[in-house]
Amino acid sequence: MIAAFGRSLIVRGSDGVSQRARPPGRTRGRSLDIVCGDSVTCRRDAPTGEVHVTALLPRATVLYRSTGRGGAESVAANLDLLVVVLAPLPQPDFFIADRYLCAAACAGLQAQIVLNKQDLQTDPDIDVELAAYVQLDYPVLRCETRSPNGSAALAASLHGRTATLVGQSGVGKSSLIATLAIDADEIVTAQLARDDEGRHTTTAARLYDCRGGGSLIDSPGVRDYAPAIDHLDPRSLGFLEVEALAPGCKFQDCRHMSEPRCAVRAAVDAGTMHARRYESYRRLRRLYEELGAVRGPR
Ligand code: GDP
Ligand code: ZN
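Criteria and thresholds
Sequence order as written defines the numbering, with residues in each chain counted from 1. Here every chain gets a letter starting at A, and every ligand a number starting at 1, in the order they are written. Two thresholds apply to this predicted model, a pLDDT of at least 70 for residue-level local features and 80 or more for giving and counting side-chain atom pairs, whereas whole-chain, interface and lining totals are computed over all residues. Derived side-chain values reflect all non-hydrogen atoms in the structure, with water molecules and hydrogen atoms excluded from consideration. Coordination shells were defined by N, O and S atoms within 2.8 Å of each metal, extended to 3.2 Å for Na, K and Ca; water is absent from the atom set, which can make sites look incomplete. Irregular is the default label, applied whenever a site is not tetrahedral (four donors, all angles between 85 and 135 degrees) and neither square planar nor octahedral (four or six donors, opposite donors over 155 degrees apart, all other angles between 65 and 115). Residue exposure (1.4 Å probe, protein chains only): buried if accessible area is under 20% of the type maximum, exposed if over 50%, otherwise partly exposed. By the convention used here, strands pair only if DSSP detects at least 2 bridges between them. Each helix corresponds to a stretch of at least 4 residues labelled H or I by DSSP, and each strand to a stretch of at least 2 residues labelled E; elements are numbered beginning at the N terminus. Pairs were defined over the aromatic rings of Phe, Tyr and Trp, the Trp ring being its six-membered one, requiring ring centres within 6.5 Å. Orientation was assigned from the angle between planes: stacked under 30 degrees, edge-to-face over 60, tilted for the rest.

K.L.:
Teacher, can you tell me more about the coordination of the zinc ion (ligand 2) here?
P.N.:
Six octahedral donors around a metal ideally sit at 90 or 180 degrees from one another, while four tetrahedral donors ideally sit at 109.5 degrees. On the protein side, the zinc ion (ligand 2) has Cys-249 (SG), Cys-254 (SG), His-256 (ND1) and Cys-262 (SG) as donor atoms, found 2.1 to 2.4 Å from it. In this structure, the zinc ion (ligand 2) is coordinated by four donor atoms arranged in tetrahedral fashion, with angles at the metal of 101 to 116°. Each donor residue of the zinc ion (ligand 2) belongs to the same chain, with the gaps between them written as C-x4-C-x1-H-x5-C. In this structure, Cys-254 and Cys-262 share a single accessibility class: buried.

Here it is as structure tokens:
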């Protein structure tokens, strides 16, 4: 499924041809939740020629966002890569960046960081934080959308992968998509121009093919989504260094908060785990436990 708007979908067949399709009706009272990137099977109605989605195929990966009421909903499927976009302006919130990286780890996606707006002066503190991510083996790329080759590194990194860009509003996600995406699928463009009632649509979720290969999923629900906390790994919450250190903790179910002989806290004290990342871990742990307390045992 490569685009969704209102109650309509656009699917692309194995022949590469895109067409409008109707989502399936409700089964057992629940409507099938199909998102961009999903693989589906379809059937064509002989008399009308209408295409109907009949089934959702198993997903390799799913990205969930928080609905704000403690629930979770899927926003994109079969992604390989989550790209966290930062910029000198608006000032980065590294706690939010960490939450995205955690969501990626727990969803089985690779993750990388892009510092956009390279043409603006970067605060040295930002470079310090980026160096900490490099230490954790997160690729850190630098881009700018205002020069012709400014996003070449990002374009190359998308080759052969399905990715999505996430990050605070104003960091330049739309601008990056505009420079990376090939907007050549005329069928999709024409279909998206008008919805069922003939109105122009503005809130479509969409998969774009990219220059240099690969694809990007963009949707209003993904760009600055809040990751669903209850899909995080309970032990590390998706912090890679915590996951690596946790086997050294005295207690197997250590929360790495105030437990004795905690290998994570020892690493922070010794300066081998970045103190700001640990603070970020503590904030996310508190959110995770607050949510658990509201929800009760699962
Ligand atoms: P989004 O909210 O993340 O989608 O961000 P936009 O793509 O809408 O960009 C926000 C603002 O940043 C716009 O005014 C862009 O023109 C500007 N912008 C985007 N990329 C760059 C860049 O590389 N350098 C500079 N200086 N500004 C940029
Ligand atoms: Zn511990």
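K.L.:
Hey, could you run me through the pairing of strand β3 (residues 18-21) in this one?
P.N.:
Put simply, side chains in a regular strand alternate between the two faces of the sheet. Where strand β2 (residues 8-12) and β3 come together, four bridges link them in antiparallel fashion. Paired with Ile-10 across the strands is Arg-20, a residue of β3. Taken together, β2 and the strand that follows it, β3, pair antiparallel across an intervening segment of five residues, in which Gly-16 is found at a positive phi of about 85°.

K.L.:
What's the story with the packing of aromatic side chains in this structure? I'm lost.
P.N.:
Two aromatic rings, taken as a pair, are described by how far apart their centres are and by the angle between their planes. Under the definition given, this model contains four aromatic pairs. Here Phe-94 and Tyr-133 contribute two aromatic rings whose centre-to-centre distance is 6.2 Å and whose plane-to-plane angle is 35°, an arrangement assigned as tilted. Of the two residues, Phe-94 sits in helix α1 (residues 94-107) while Tyr-133 sits in helix α2 (residues 124-135), which places them 39 residues apart along the sequence. Its relative accessible area of 1% is what places Tyr-133 among the buried residues. With 6.1 Å between their ring centres and 15° between their planes, Tyr-278 and Tyr-281 make a pair best called stacked. Of this pair, Tyr-278 and Tyr-281 both sit in helix α9 (residues 275-295), three residues apart, roughly one helical turn.

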